[in-house]
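# Breakdown of the fold
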Amino acid sequence: MTEPVQRLRGSLPRIGIRPVIDGRRRGVRESLEGQTMAMARSAADLLTRSLRHSCGLPVECVIAETCIGGAAEAAEAEDLFRRQSVGLSLTVTPCWCYGTEVMDTDPLLPKAVWGFNGTERPGAVYLAAALAGYSQKGLPAFGIYGRHVQDRNDVSIPDDVKQGLLRFAKAGLAVAEMRGKSYLALGGVSMGIAGSIVDEDFFQDWLGMRNISIDMSELIRRMDEGIFDEDEFRLAMRWVKTNCREGRDPNPPKLQHPRGRKNREWEISIKMTLIARDLMVGNPRLGDQGHGEEALGHNAVLAGFQGQRQWTDHFPNGDFMEAVLNASFDWNGRRQPFLMATENDSLNGAAMLFGHLLTDTAQVFADVRTHWSPESMRRVTGRKPSGRAAGGLIHLINSGSAALDGSGRQRLKSRPAIKPFWEISDAEVDACLRAVKWCPANIGYFRGGGFSSQFTTAGDMPVTLSRINLVKGLGPTLQIAEGHTVSLPPDVHRKLDERTDPTWPTTWFAPICADSGAFRDAYSVMSHWGANHGSLCYGHVGDRLITLAAMLRIPVSLHNVPPDRIQRPSAWAAFGADDPQGADFRACRHFGPLYG
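A brief report on the enclosed structure follows. (Residues numbered from 1 in each chain as written. Predicted model: local features only at pLDDT ≥ 70, side-chain atom pairs only at ≥ 80, totals over all residues. Heavy atoms only, no water.)

### Focus: the pairing of strand S17 (residues 437-440)
Definition in use: Any two strands between which DSSP finds at least two bridges are classified as paired. Runs of E in the DSSP output that reach at least two residues are strands. Runs of H or I that reach at least four are helices, and both are numbered from the N terminus.
Of the pairings in the sheet, the one linking strand S8 (residues 245-246) to S17 comprises 2 bridges and is parallel in character. Paired with Glu246 across the bridge in S17 is Trp438. By the bridge criterion, 4 bridges tie S17 to strand S18 (residues 451-454) in an arrangement that is antiparallel. Paired with Pro440 across the bridge in S18 is Phe451.

### Some words on the nonpolar core
Inclusion rule: We call a set of buried residues a nonpolar core when its members are Ala, Val, Leu, Ile, Met, Phe, Trp, Tyr or Cys and they connect through side-chain atoms within 4.5 Å of each other. Each residue gets one of three labels from its accessible area relative to the maximum for its type: buried under 20%, exposed over 50%, partly exposed in between, using a 1.4 Å probe on protein chains only. When checking whether two residues touch, look at their non-hydrogen atoms; a contact exists if any pair is within 4.5 Å.
Membership of the largest hydrophobic core comes to 136 residues, with the highest contact counts inside it found for Trp114, Leu207 and Trp438. With 10 residues, the top contributor of residues to this core is helix H8 (residues 259-281). For Leu207, the residues in contact, after removing those within four places along its chain, are Met178, Arg179, Phe202, Ala350, Phe354, Leu552 and Tyr595. Cys67, Ala77, Tyr126 and Tyr134 belong to the second largest nonpolar core, which has 21 residues in total.

### Remarks on the packing of aromatic side chains
Counted only if it meets this: Ring geometry is summarised as follows: Phe, Tyr and Trp rings, the Trp one being its six-membered ring, pair when their centres sit within 6.5 Å, and such pairs are stacked at plane angles under 30 degrees, edge-to-face over 60 and tilted between the two. A ring is considered to have a charge above it if a Lys NZ or an Arg CZ atom is located within 6 Å of its centre and within 35 degrees of its normal.
Within the structure shown, the criterion is met by 18 aromatic pairs. Ring centres of Trp266 and Trp438 lie 6.3 Å apart, and the angle between their planes is 70°; this geometry places the pair in the edge-to-face category. Of this pair, Trp266 sits in helix H8 while Trp438 sits in strand S17, and the two are 172 residues apart along the sequence. For Trp438, a relative accessible area of 1% gives the class buried. Here the aromatic residues Tyr183, Phe202, Phe203 and Trp206 are joined through ring pairs into a cluster of three or more. Positioned above the aromatic ring of Phe338, the side-chain terminus of Arg7 is 3.6 Å from the ring centre. In this structure, Lys271 is placed above the aromatic ring of Phe233, and the distance from its NZ or CZ to the ring centre is 5.1 Å.

### As for the packing of helix H13 (residues 374-381) against helix H15 (residues 490-497)
The condition is simple: Axis definition: a line fitted to C-alpha atoms, limited for helices to the stretch in contact. Angles are taken between N-to-C directions and run from 0 to 180 degrees. Angles below 35 degrees are treated as roughly parallel, those above 145 as roughly antiparallel, those between 65 and 115 as roughly perpendicular, and all remaining angles as oblique. Residue classes follow a fixed rule: Ala, Val, Leu, Ile, Met, Phe, Trp, Tyr, Cys and Pro count as nonpolar, while Asp, Glu, Lys and Arg count as charged, and any other residue, Gly among them, counts as polar.
H15 packs onto H13 with a crossing angle of 100° between their chain directions and a minimal axis gap of 10 Å. Considering their axes alone, H13 and H15 lie roughly perpendicular with respect to each other. For the pair formed by H13 and H15, the contact residues are Met377, Val380 and Thr381 on the first element and Val492, Lys495 and Leu496 on the second. In the contact of H13 with H15, the residues fall into 4 nonpolar, 1 polar and 1 charged.

### What about helix H7 (residues 230-243)?
Rule in force here: The span you would expect from a helix comes to 1.5 Å times its residue count less one. The arc refers to the directions leading from the helix axis to the C-beta atoms.
Under the 1.5 Å per step criterion, the end-to-end length of H7 is 20 Å for 14 residues, consistent within 8% with the ideal 20 Å. Of all the positions in H7, only Glu232, Phe233, Ala236, Met237, Trp239, Val240 and Asn243 are classed as buried. With its buried residues spanning 165° around the axis, H7 presents them on a single face. Exposed residues on H7 whose side chains face more than 90 degrees from its buried face are Arg238, Lys241 and Thr242. Packing partners of the buried residues in H7 comprise S8, H8, helix H11 (319-325), strand S10 (329-330) and helix H14 (426-435).

### Section: helix H4 (residues 159-178)
With 20 residues, H4 extends 29 Å between its outermost C-alpha atoms, agreeing within 8% with the 28 Å of an ideal straight helix rising 1.5 Å per residue. The buried count for H4 comes to 15 of 20 residues, which makes it a mostly enclosed element. Count one or two residues on from H4 and you reach Gly180, which has phi positive near 85°.

### A closer look at the side chain of Arg29
Short version of the rule: Under the rule applied, a polar contact is a pair of N or O atoms within 3.5 Å (in protein, one hydrogen donor and one hydrogen acceptor; residues adjacent in sequence only if both atoms are side-chain atoms).
On the secondary structure map, Arg29 appears in helix H1 (residues 28-50). Given the relative accessible area of 4%, Arg29 is considered buried. Here Cys67 takes part through its backbone oxygen, which lies 3.0 Å from a polar atom of the side chain of Arg29. Looking at Arg29, its side chain comes within polar contact range of the side chain of Glu73, at 3.0 Å. Apart from residues lying up to four places away in sequence, Arg29 is in contact with Ile21, Asp22, Gly23, Arg24, Cys67, Gly69 and Glu73.

### With respect to the pattern of salt bridges
In plain terms, the rule: A pairing counts as a salt bridge when a side-chain nitrogen of Lys or Arg comes within 4 Å of a carboxyl oxygen of Asp or Glu.
Here the structure, examined in full by the defined rule, presents 38 salt bridges. Note that Glu33 is salt-bridged to Arg29, the shortest N-O span being 2.7 Å. In this pair, Glu33 and Arg29 both sit in helix H1, 4 residues apart, roughly one turn of the helix. On the basis of relative accessible area, Glu33 is assigned to the partly exposed category, the value being 27%. With its nearest N and O atoms 3.0 Å apart, the salt bridge here joins Lys111 to Asp104. Across the pair, Asp104 and Lys111 agree in class, each one buried. Three or more residues joined by partner-sharing salt bridges are found here, namely Glu218, Arg221, Arg222, Glu225 and Glu294.

### Structural notes on the pairing of strand S7 (residues 210-214)
For clarity, the cut-off: Seen with its strands pointing away from the viewer, a crossover is right-handed when the path leading from the first strand over the helix to the second is clockwise.
One ladder, built from 5 bridges, connects strand S6 (residues 182-186) with S7; its direction is parallel. Residue Leu184 lies in a different strand from S7, and its bridge partner there is Ile212. Since S6 and S7 lie parallel, the crossover through helix H5 (residues 200-206) that links them has a hand, and here it is right-handed.

### Remarks on the sheet that holds strand S4 (residues 111-115)
Adjacent strands of a sheet form backbone hydrogen bonds with each other and so pair up, either parallel or antiparallel. Read across the open sheet, the 5 strands follow the order S2-S1-S3-S4-S5; overall the sheet is parallel. Single-partner strands in this sheet number two, and they are strand S2 (61-63) and strand S5 (142-145). Within the sheet, the average angular offset between the axes of one strand and its neighbour, ignoring direction, is 25°. By the bridge criterion, 3 bridges tie strand S1 (residues 14-19) to S2 in an arrangement that is parallel. Following the sheet pairing, Gly16 is matched in S2 by Val62. Lying on the sheet, helix H2 (residues 71-83) is in contact with S1, S2 and strand S3 (86-93); it crosses S1 at an angle near 170°.

As far as function goes, none of this settles anything; it's purely spatial.
Here is the structure:
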C-alpha cells in the first residue's frame with residue numbers, strides 16, 4: 001500500500017473541542033473543571049480513535065487551552081482554532097453555562113453541543129439554552145444528548161451519544177475538506193446532459209469550492225509534447241498487460257479495430273489517465289522536466305470528463321481513465337480514489353464527493369437505466385424473481401466506466417464490501433482485477449474506440465444511491481435511496497443484461513421499500529429519481545448524507561432513512577416538527593447556502 005498522503009493544497013481540518021463551564025468562582029467553577037475537561041478529552045479520544053481523513057491520515061482534535069466560562073475565554077479559543085486550522089467545533093459541558101457568552105460565533109464552522117445528561121448538574125438545561133441562542137442568532141447547531149441519565153462521575157460516552165458525535169464530526173470534516181478545493185471540468189456539456197452544465201453558483205455558494213474549466217485539447221497537447229511521466233507510463237503499461245484482461249469485442253467483424261490500433265488505444269487510454277490525474281493534483285516529476293506550471297495541478301478534489309461526443313468520435317473513450325482513477329488502486333498500489341464524473345456530470349460528481357468524504361471509500365458512478373418489474377423479469381427470463389429481487393430491481397449500468405471496487409470483491413465480515421484503501425488487502429485488489437474484463441468499446445457509441453470495464457457487482461452489499469439535482473428557483477436538492485445489491489442466477493442475469501450493452505458494468509439494485517409514498521416499490525423510486533445518473537456508495541449512509549446536507553443547507557427531497565437515524569440542527573424543529581421533510585426545505589431556504 002502506498003503511504004497515506006495529503007495530495008491537495010491546504011491544511012487538513014481539525015476538530016475544535018470547546019469545554020464550556022459555569023464561570024462563577026469561589027467553588028462553583030473549581031468543582032467543575034475536572035469533569036468538564038474530562039468530557040472534552042473523552043470526546044477527543046473517541047473522534048481520533050474512530051475517524052480518519054479520506055486520504056488516510058489521522059484526524060486530529062484541538063481542545064481549548066482552558067475551560068470557557070465567558071466571552072474572553074471564548075475569544076481565546078476562537079483564536080487558537082483559527083491558528084490550528086479547525087474546521088468544525090464541538091462544545092461539551094456537564095453543567096450550566098452562560099449560553100450566548102460562551103458560544104461559538106464563527107458562521108462557517110459546523111457546530112454541535114453535547115450536553116451531559118445527569119441529574120446532579122444541569123448539562124441538559126444548558127444544552128437547551130445554548131441551542132435556543134444559536135437558533136436566535138441564526139447559527140444552526142446540532143444538539144447531542146444521551147437518552148439515559150448518567151452519574152456525575154461517569155466519564156464514559158453512551159452509544160447513542162457516540163453515534164451522534166461521529167456522525168456530526170465526519171459530516172463537519174467533509175464540509176471543511178471541500179472548502180477551497182476545485183471542481184475541474186475537462187471539456188464542457190456532454191450530449192446536452194443538464195448535470196454537465198457546471199453551475200458555478202452551486203459549487204461556490206453551497207460547497208465553498210472554485211471551478212476550473214479546461215478544454216479536452218489539453219490532453220492532446222500533453223500527449224504530443226510528452227508532458228507526463230514516461231517512467232510511470234511504462235510501469236502502467238506493464239501493469240495493464242498483466243492485470244487487465246480483454247473481453248469480447250461486441251462489434252461486427254467489419255467494424256472491429258485491428259490489433260495494432262487496439263494496442264495504440266491502450267497507450268492513449270493510459271496516458272489520458274496519467275494526464276487527468278496530473279491536471280487534478282499536480283505531479284512534481286513534471287517540474288523536474290521543466291514544466292513548472294503543469295506540475296502544480298488545479299487542487300481538484302473532484303473532476304469530470306465530457307468525452308462524448310467531441311472526444312469519443314475520434315479518440316479512445318475515457319472509460320479506462322475514469323474506472324481506474326475512481327478505484328482505490330492502480331499500478332502504484334492502493335491509494336485514495338481520484339473522483340471523476342462520467343460525462344462531466346458535475347452534480348452526480350458532487351454526490352460522489354459527498355459519499356467519498358463520508359465513508360472514505362470508492363464511489364460507483366452509474367446510469368439509473370431500467371426498472372425491471374417482477375412481471376417483466378418473469379416474462380423475459382421465464383423465472384419468478386425471489387428474495388430481494390421479488391419486488392423488482394433497478395438496473396444500474398454506466399456506459400463503460402465504473403470504479404473497479406464496484407465489483408464487490410472486497411470482504412468485510414465474510415460479505416462483499418467496498419472498503420477504504422488502507423483496509424484493502426493485496427488479495428482483494430487481485431480479486432477486483434480478476435472480476436473485470438476490458439471489452440473493446442461499442443463503435444456505435446464510441447467511434448474512436450477504447451475499452452469499457454465490464455463486471456457484475458456482487459450481491460448482498462448494503463448500499464446507498466444518491467444524487468444532487470438543481471431546480472430553477474429552488475436550488476440544489478439531494479435524493480437518497482438505501483438498498484442492497486442483488487446477485488441474479490447467471491442465466492437470468494445474462495438474459496436481462498444482454499438487452500442493453502453487455503460490455504458495461506452492471507449493478508442490480510433493490511431499494512428498501514415501504515408501504516406507501518415514493519418508496520412503495522422499486523418502480524416508484526425510479527419514477528421519482530431526478531436524473532439519468534446516480535452515485536452508489538457502500539453502506540447504509542443516508543443518515544450521514546442528511547446531516548451533511550443540512551450543514552450545507554441542501555434540502556433532501558427523497559429518502560428512506562428511518563427517523564431515529566436522522567440528525568439535523570435543532571433549529572429545524574422550529575420550521576415544523578411534525579413535517580420534517582417540509583421543515584428541511586423551509587430551514588434550508590431561510591438560512592441560505594453556507595457560503596452564499
